[in-house]
Amino acid sequence: MRLERISDLSKRAYRSMDTMNKIKELISLMNTNDLAEIEVQEDTFRIKVRRSNGVQPSVLPSHQLPGAMEEGQRLLPRKDNFLEIASPMVGTFYKAPTPGAEPFVGVGDMVDPETVVCVIEAMKIINEIKAELSGKVVEVLVEDGKAVEYGQPLFRVFPLSPEQTAQAQQR
Amino acid sequence: MRLERISDLSKRAYRSMDTMNKIKELISLMNTNDLAEIEVQEDTFRIKVRRSNGVQPSVLPSHQLPGAMEEGQRLLPRKDNFLEIASPMVGTFYKAPTPGAEPFVGVGDMVDPETVVCVIEAMKIINEIKAELSGKVVEVLVEDGKAVEYGQPLFRVFPLSPEQTAQAQQR
Amino acid sequence: MFSRILIANRGEIALRVIRACRELGIETVAVFSKADENARYLKYADDKVCIGPPPSEQSYLNIPSIISAAEVTDVEAIHPGYGFLSEASHFAEICESSNITFIGPSSKTLQLMGNKSQARKVAMENKVPVIPGSTSTITNQQEAVSIAHKIGFPVLIKASAGGGGRGMRIAHNDASLANALAMAQREAETAFKDSSLYIEKYIEHARHVEVQILADQHGTILHLGERDCSLQRRHQKLLEETPSPGITPRLRGELYTAALRMAKAVNYTNAGTVEFLVDRDGKFYFIEMNTRLQVEHPITEMVTGIDLVKEQIRIASGEPLKYRQKHVRFDGVAIECRIYAEDPDNGFRPHPGRISTYHVPGGRGVRVDSHAHQGYEIPPFYDSLISKLIVHQATRQEAIACLKGALEEYVIEGIKTTVPLHTKLLNHPNFLNADFNTTFVEGLLGREQ
Amino acid sequence: MFSRILIANRGEIALRVIRACRELGIETVAVFSKADENARYLKYADDKVCIGPPPSEQSYLNIPSIISAAEVTDVEAIHPGYGFLSEASHFAEICESSNITFIGPSSKTLQLMGNKSQARKVAMENKVPVIPGSTSTITNQQEAVSIAHKIGFPVLIKASAGGGGRGMRIAHNDASLANALAMAQREAETAFKDSSLYIEKYIEHARHVEVQILADQHGTILHLGERDCSLQRRHQKLLEETPSPGITPRLRGELYTAALRMAKAVNYTNAGTVEFLVDRDGKFYFIEMNTRLQVEHPITEMVTGIDLVKEQIRIASGEPLKYRQKHVRFDGVAIECRIYAEDPDNGFRPHPGRISTYHVPGGRGVRVDSHAHQGYEIPPFYDSLISKLIVHQATRQEAIACLKGALEEYVIEGIKTTVPLHTKLLNHPNFLNADFNTTFVEGLLGREQ
């Protein structure tokens, strides 16, 4: 995390501190917020504090544990305000119950948590996949008949409340 | 830590002990908080303190080319205001021309560039080593009969001008 | 030969199999859990499939997920590595019924040798000495006491389905026997969902010596020498060497014969290991057969020049072995150190974390099998093995000196490892004199506390 | 056996010798220039001595300094590595007169084989084919022209004291011959302070094949097979392999016989290499004998299992070789890539600097001989070789696949290296088909420009 500005400090309180106290406060902020640099300029008054840690992040990749999906949690984090329905298993994605049949859902369709959105064939078994969320399908991310892996996004959905969804389904 | 620059100080502030105390405090803050740089400006008053080396040595060793001794340059850089006479070769250090004889020089002796300070035996040949500087010997750094390597400090010398040395030698 | 193989494992052994396949011109599919998704070795596979969340049960032990990954990526075979599903007969069975070759013995062999008391029966039927004890599982405490009195204390209680030291207890008298039975039963039930136990004489001051077997589908069964794995902690091997420095040539020959007899009796195919205990008098006892690749297989590769992983793949594809027993040569001495991310100052608890600096040793006779690298984050979900440092030299003395030097050159910062323990072992007079047994490491650590 | 050896070299070969000595229980003294004072390998030596400022002439070529270091550290022998003083007969002579064993042949042998036209004379006397040309040094231009006409253009002009391509020029006609003579003379004078030249037929489309010799002080002289070093750039080897993929078994035998005849003729002791050119018709010609360890010695070690550095030390200490020719076995294929810190986009100029990230490949059959590490600053004063990546596999195909994978796994950041060039070579159909000669690399690079 890197703060570019100090917005939390009340400007008045800040101005009333003497210079050394300001600097100490800045350093304390840097320490608690893991900052590399602070620069403050007010009228004729300017302070710049920069941390000495010069290690390039490019040299040190992968510094975080991969975000583990918890069991049952198949909804990926929002991207551009959308939710994604992720595959709960490895297998082959089919958008319709049988070849040539109508797809379970398409773009523009409303889904609720119980809506079956696709089937995934794994080990010759057809698994019905439910949406487990409410909203409007805005994109089908996988082609019919393609392999999917665990956690792979299948549909992008604009989230709506169950009530909104129900209303839209009735329309 | 080495201070690279404390510049643009107003003359008034520079004379004031209060300012020096501020700088000392800044440095102390840098040390305890592992900072690289502090810059402070107030009206006509500006302080910038920057740490010279931001790389953690434990993780990233040897980031500088070893300072090469140029040919003939045998005087090591000052340490605590002293100069050192370094060995120009690998061999065995002897403080006197023959075993049991008076040492060439001892602590308190004045040396000028032509003064023979020791001999180094290399490949059965006795090489006379000259001081190549002027001053007063304050420490003999190698024991008689010990091996020395290229560039190894042999004597610590308090530097004096040739005139001062000559005067002292006459006394 | 296969053109595409799925590797149902992770870490150093996944990388080991990727490398072998690359050299054979076989494409690889790596499967991984969410915890391993950023692991560098995955990019050396031709394809990769996420098979589940971090817990092993939902990923590396998730059979439907792995089989499904094999089907969607259209592989011909699965290499199970070691651990995880490598000895799971039901997994091999599902592979067989899905027309995917399981790179290992048949599911029938896995099942037979996977049950310790059945394996023991096979040994007895084939005149391979077993540790005196119950011929079948114990049904009640009275039976256990009566057997213990017959074979004499101390006795060892083991889970029939056991492994890795779980469900294992030593008893020195009637009282501790009752307690040990209860404890072992509970552990076995928890770990293997099978609480059946058996009881045997506890062999004191024993060495653990195992014989590597390689058998094709055309009746050729060979041994590739033995490995001495006596240096263990909590039944986990720390340092292995070949040849065993503590057995006579005659005993060595007897172990080879016994191991080959066992393998022939069960029509063994692929790579396998027959484990023995050897007591102070040079008497040996069959313990179990590991029906898979061993962690310590590299030391055998070093002295024989044979690539065990490639042979596993060739055998599974139906190829016959290209050599016979007389062609197998044993050159010099090889030693392996298993380097774990563990904290020696804290009961050797796994010490996952981020490796901040990583530099491996090199030079003649030094091999490093490791998936670690600078910046690698060791996930807390799995085995803490991060590297196998293997050396091969003409003599044991040179091998030890080489290994000590390599450990000195090895730089692993940011996490705690067993490197200091390995260095201590290598400098210990008992190790240098080859005078040690399976209790040596724990005795050494115990004395320090 | 020696108890303490001084290593008169730097970089990877200094580390190579330190490791060998460590395995033999011999203490080492490392000498270093001011430019190398922070090099990590120095801490693996038992003692270290600074011998001068960065320029080689004042440090690694500074004989009084090195001898003096040997005396003050009380060593019994000096290992010269390769390059620097390894073939300097006067240095070996001073060692001999100082009662320090020079680990290499006698100063007399160094002097004899160090003079190219004398070495040529030895070859002719021993019925080893040489390239048609002048039997002694050329005294004037008329003589050169007359010889050129007799043997036919193109011709090659070489410095008698030459090496590394310096003082070497090709001439295709009378006019270019005159020019080439003048240029070569000047270069030879500058480089070796010896302007004497000789002239020979330039062999087109030739492979460079060399035979490794090992000879003790008790009359046993063995060959350890050949190395194909045809892939060169500016007369510097880039990639070497053994066995040579471009010669017949019959030619191979002839080369071994010729090399042994040369070695016997000069009562050779220690490790040495007899270099040949082999033309398209399978005719071969003696070039020179390298009276030292070669950079590419590891590939021979991989296929024979023999540690050349340890043998050098044993031989120098007076020990007899423990095996005969029939015991020397050749297993599989080994290839070495010499990785230089050079900028391929800038005429392969040395590219010294700081290595910001360094990760070496590993696994079965992979060996890395390198003194580099993360944070290592490559000094601009010396050879830009930073690593030798060596692989050993059962077949050439597997070795190439293994090497390609290892190059992919190798991470060297912060400096430019020849890794991309090696990858390009390994993927080139001519390399895969073993269809290349000494001009291949330069032709490949030339076509790209």
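Up top is the structure.
Analysis parameters
- Residues numbered from 1 in each chain as written.
- Chains lettered and ligands numbered in written order.
- Predicted model: local features only at pLDDT ≥ 70, side-chain atom pairs only at ≥ 80, totals over all residues.
- Heavy atoms only, no water.
- Helix = DSSP H or I, 4+ residues; strand = E, 2+ residues; numbered from the N terminus.
- Buried < 20%, exposed > 50% of the residue type's maximum accessible area, 1.4 Å probe, protein only.
- Contact = heavy atoms within 4.5 Å.
- Areas by Shrake-Rupley, 256 points an atom, 1.4 Å probe, with all protein chains shown as cover.
- Buried area = accessible area lost by both parts, 1.4 Å probe.
- Salt bridge = Lys/Arg side-chain N within 4 Å of Asp/Glu carboxyl O.
- Nonpolar A, V, L, I, M, F, W, Y, C, P; charged D, E, K, R; others polar.
- Pairing = 2+ DSSP bridges.
- Axes fitted to C-alpha atoms, helices over the stretch in contact; angles between N-to-C directions.
- Least-squares fit on C-alpha atoms with pLDDT ≥ 70 in both.
- Core = buried A, V, L, I, M, F, W, Y, C linked by side-chain atoms within 4.5 Å.
- Phe/Tyr/Trp six-rings, centres within 6.5 Å; stacked < 30°, edge-to-face > 60°.
- Lys NZ or Arg CZ within 6 Å of the ring centre and 35° of its normal.
- Polar contact = N/O pair within 3.5 Å; in protein donor to acceptor, adjacent residues only side chain to side chain.
- Parallel < 35°, antiparallel > 145°, perpendicular 65-115°, else oblique.
- Left-handed = near helix turned anticlockwise from the far one by under 90°.

(A) Expanded view of the overall build of chain C. Helix and strand counts for chain C stand at 14 helices and 20 strands. The buried share of chain C, taken over its 449 residues, is 63%. Long-range pairs, those at least 24 residues apart, make up 66% of the contacts in chain C between residues at least 6 apart in sequence. Carbon and sulfur atoms form 48% of the exposed surface of chain C, whose accessible area is close to 16,100 Å².

(B) Fine view of the overall build of chain A. Each helix and strand counted, chain A has 3 helices and 11 strands in total. Starting at the N terminus and ending at the C terminus, chain A contains elements arranged as α-α-β-β-β-β-β-β-β-β-β-β-β-α. Among the 171 residues that make up chain A, the fraction classed as buried is 36%. Across chain A, the fraction of contacts at a sequence separation of at least 24, relative to all contacts at a separation of at least 6, is 54%. A total accessible area of about 10,200 Å² is found for chain A, and carbon and sulfur atoms account for 48% of it.

(C) Representation of the interface of chain D and chain C. Taken residue by residue, the interface counts 39 residues in chain D and 39 residues in chain C. Roughly 2,900 Å² of surface becomes buried between chain D and chain C when both sides are summed, with 43% attributable to carbon and sulfur atoms. Together, Glu-23, Arg-364 and Glu-409 of chain D form the three largest contributors to the area buried by chain D at its contact with chain C, with a combined 24%. Scanning the region where chain D abuts chain C turns up 9 salt bridges. With a shortest N-O distance of 2.6 Å, Arg-19 of chain C and Glu-409 of chain D are connected by a salt bridge. Of all the secondary-structure elements, those providing two or more residues to the side of chain D that touches chain C are α1 (11–24), α10 (308–316), β17 (357–359), β18 (366–370) and α11 (396–409) of chain D. Looking at the side of chain D that touches chain C element by element, the count peaks at 7 residues for α11 of chain D. Here the side of chain D that touches chain C is composed, by residue class, of 14 nonpolar, 8 polar and 17 charged.

(D) Representation of the sheet that holds strand β6 (residues 155–159) of chain C. All names here are of chain C. Pairing within the open sheet is antiparallel, and its 3 strands lie in the order β7-β6-β8. Looking along the sheet, the strands with just one partner apiece sit at the ends: β7 (169–171) and β8 (197–201). Averaged over all adjacent pairs, the angle separating strand axes in this sheet is 25°, with direction ignored. Packed onto the sheet, helix α7 (residues 174–192) meets β6, β7 and β8 and runs at close to 170° relative to β7.

(E) Quick look at the pairing of strand β12 (residues 270–278) of chain D. All names here are of chain D. Across the 9 residues of β12, 9 count as buried, placing the element largely inside the fold. Strand direction decides the pairing type here: strand β9 (residues 207–215) and β12, joined by 9 bridges, are antiparallel. Each residue of the ladder has a partner; that of Leu-214, found in β12, is Ala-271. Note: β12 against strand β13 (residues 284–290), 6 bridges, orientation antiparallel. When the sheet's bridge partners are listed, Leu-277 is paired in β13 with Tyr-285.

(F) Region of the structure containing the relation of the copies chain D and chain C. When chain D is fitted to chain C, the best match, at an RMSD of 0.1 Å, comes from turning it 180° and sliding it 0.0 Å along the axis. The relationship between the two copies is best expressed as a two-fold rotation axis. Mapped onto chain C, 100% of the interface residues of chain D are again interface residues, and the two copies thus contact each other with one and the same surface.

(G) Local environment of the environment of Cys-95 of chain D. Residue and element names in this part refer to chain D. Relative to the assigned elements, Cys-95 resides in helix α3 (residues 89–97). On the accessibility criterion, Cys-95 (0% relative accessible area) is buried. Remark: the alpha-carbon pair of Cys-95 and Asp-74, spanning 21 residues in sequence, is separated by 13 Å. Beyond its immediate sequence surroundings of up to four residues, Cys-95 is in contact with Ile-67, Ile-78, Ile-100 and Phe-102.

(H) View of the nonpolar core. Counting residues in hydrophobic clusters, the biggest one holds 208 residues, and the most contacted among them are Leu-6, Ile-78 and Phe-91 of chain C together with Leu-6, Ile-78, Phe-91 and Leu-389 of chain D. Setting aside residues up to four positions removed in sequence, Ile-78 of chain D forms contacts with Leu-6, Ala-8, Ile-66, Ile-67, Ala-70, Phe-91, Cys-95, Ile-100, Thr-101, Phe-102 and Ile-103 of chain D.

(I) Layout of the packing of aromatic side chains. Considering all chains together, one arrives at 22 aromatic pairs over all chains under this definition. Centre to centre, the rings of Tyr-60 of chain C and Tyr-382 of chain C are 5.4 Å apart; their planes meet at 80°, and the pair counts as edge-to-face. Residue Tyr-60 of chain C is located in the loop between β3 (47–52) and α2 (63–72), and its partner Tyr-382 of chain C is located in the loop between β18 (366–369) and β19 (385–393); the two are separated by 322 residues in the primary sequence. Classification of Tyr-60 of chain C by relative accessible area gives buried; the value is 0%. On the basis of relative accessible area, Tyr-382 of chain C is assigned to the buried category, the value being 10%. A centroid spacing of 6.0 Å and a plane angle of 80° characterise the contact between Phe-91 of chain D and Phe-102 of chain D, whose relative ring orientation is edge-to-face. Taken together, the residues span a long stretch of sequence, with Phe-91 of chain D in helix α3 and Phe-102 of chain D in strand β5 (residues 101–102) at a distance of 11 residues. Accessibility assignment for this pair places Phe-91 of chain D and Phe-102 of chain D in one class, buried. Among the aromatic residues, those joined into a cluster by ring pairs are Tyr-60, Phe-84, Phe-381 and Tyr-382 of chain C. We note Arg-207 of chain C situated over the ring of Phe-436 of chain C; from NZ or CZ to the ring centre the distance is 4.6 Å. Over the ring of Phe-431 of chain D we find Arg-396 of chain D; its NZ or CZ atom is 4.6 Å from the centre of that ring.

(J) Spatial organisation of the pattern of salt bridges. On inspection of all chains with the given rule, the structure shows 81 salt bridges over all chains. With a shortest N-O distance of 2.6 Å, Glu-398 of chain D and Lys-310 of chain C are connected by a salt bridge. On the criterion of chain membership, the pair formed by Glu-398 of chain D in helix α11 and Lys-310 of chain C in helix α10 (residues 308–316) is interchain, its members lying in two chains. Lys-310 of chain C carries the same exposure label as Glu-398 of chain D, and that label is buried. Connected through shared salt-bridge partners, Arg-364 and Glu-398 of chain C together with Arg-16, Glu-23, Glu-301, Asp-307, Lys-310, Glu-311, Arg-314, Arg-367 and Asp-369 of chain D make up one network.

(K) Representation of the pairing of strand β4 (residues 82–86) of chain B in the model. Residue and element names in this part refer to chain B. Across the 5 residues of β4, 4 count as buried, placing the element largely inside the fold. Taken together, the 4 bridges between β4 and strand β11 (residues 153–159) define a ladder with antiparallel strand orientation. Considered in β11, the bridge of Glu-84 is made with Arg-156.

(L) Inspection of the sheet that holds β3 of chain C at higher detail. All names here are of chain C. Strand order in this open sheet of 5 strands is β3-β2-β1-β4-β5, and the pairing throughout is parallel. The sheet is open, and its two edges are formed by β3 and β5 (101–102), each paired on a single side. Examined bridge by bridge, strand β1 (residues 4–7) and strand β4 (residues 77–79) share 3 bridges and lie parallel to one another. Among the inter-strand pairings, Ile-7 is bridged to a residue of β4, identified as His-79.

(M) Region of the structure containing the side chain of Ser-384 of chain C. Residues and elements named next belong to chain C. Looking at the secondary structure, you find Ser-384 in the loop between β18 and β19. Assessed through its relative accessible area of 8%, Ser-384 is described here as buried. At 3.3 Å, the side chain of Ser-384 and the side chain of Glu-342 are in polar contact.

(N) A look at the packing of helix α11 (residues 396–409) of chain C against helix α12 (residues 419–427) of chain C. All names here are of chain C. Closest axis-to-axis distance for the α11/α12 pair is 10 Å, and the angle between their directions is 155°. Here α12 runs roughly antiparallel to α11, going by the angle between their axes. Viewed along their axes, α11 and α12 form a crossing whose handedness is left-handed. Residue-level contacts link Ile-400, Leu-403, Lys-404 and Leu-407 of α11 to Val-419, His-422, Thr-423, Leu-426 and Asn-427 of α12. Here the contact of α11 with α12 is built from residues that sort into 5 nonpolar, 3 polar and 1 charged.

(O) View of the side chain of His-79 of chain C. All names here are of chain C. Relative to the helices and strands, His-79 is located in strand β4. A polar contact of 2.7 Å, which involves the side chain of His-79, links it to the side chain of Gln-312. If near-sequence neighbours (up to four positions away) are discounted, His-79 is found in contact with Ile-5, Leu-6, Ile-7, Ala-8, Val-17, Ile-103, Leu-293, Val-309, Gln-312 and Ile-313.

(P) Quick look at α10 of chain D. Residues and elements named next belong to chain D. In terms of burial, α10 is largely enclosed, as 9 of its 9 residues are buried. Every buried residue of α10 is listed here: Leu-308, Val-309, Lys-310, Glu-311, Gln-312, Ile-313, Arg-314, Ile-315 and Ala-316. The opening residue of α10, the one whose side-chain oxygen lies 3.2 Å from the backbone nitrogen of Val-309, is Asp-307. Within two residues after α10, Gly-318 carries a phi angle of roughly 100°, on the positive side.

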